[in-house]
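What follows is each chain in one-letter form.
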Amino acid sequence: MTPLQTQLLTSLGLPLWQCTHPERLPYAPQPVAAPAQLLLVVGEGERLPEQLLADLLRALMLEPGQVQQLSERDWRKAGCPVAPATLGFNLEDSGDLTWSGALPLTVEHKRRLWSCLCSLTIDR
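Residues numbered from 1 in each chain as written. Predicted model: local features only at pLDDT ≥ 70, side-chain atom pairs only at ≥ 80, totals over all residues. Heavy atoms only, no water.

**Side note on the side chain of T86**
Residue position: T86 is located in strand 3 (residues 85–89). The residues touching T86, leaving out its near neighbours within four places in the chain, are L39, V41, P81, L97, T98 and W99. (Helix = DSSP H or I, 4+ residues; strand = E, 2+ residues; numbered from the N terminus. Contact = heavy atoms within 4.5 Å.)

**Brief notes about unusual backbone geometry**
Cis rather than trans, the peptide bond between L103 and P104 has omega equal to -10°. With respect to the secondary-structure elements, P104 resides in the loop between strand 4 (99–101) and helix 4 (107–123). Unusually for a residue other than glycine, C80 sits at a positive phi of about 55°. Inspection of the secondary structure puts C80 in the loop between helix 3 (72–77) and strand 3. Using a relative accessible area of 30% as the deciding quantity, one classes C80 as partly exposed. Look at N90: it is not a glycine, yet its phi comes out positive at around 55°. Structurally, the position occupied by N90 is in the loop between strand 3 and strand 4. The class of N90 is partly exposed, set by a relative accessible area of 23%. (Buried < 20%, exposed > 50% of the residue type's maximum accessible area, 1.4 Å probe, protein only.)

Structure (structure tokens):
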């Protein structure tokens, strides 16, 4: 079933069949995606360096599937969602993010970012 079909059956009050292996059945209900533990919002036209992403994953002990990257435009269109750690890079208006800075990271930005990451991992 597509997400639209699932929503239709839900709104009609009909039972939904949940399959633990939807990849085996082409029309099975879509599994609910787990929310991201780390949301990276990057300004338009910017790319997050792969080494920085790898360092962030290592510092927060996360798997790549627990990270979501959005451009600033897509993030705003989605209503500015947040995650347990929401980091912004080269944003026009950072809003209420866990941390925001500019690429390439200056020494001061790095210091503030790693300080923020330390507090996030300690609060877990």
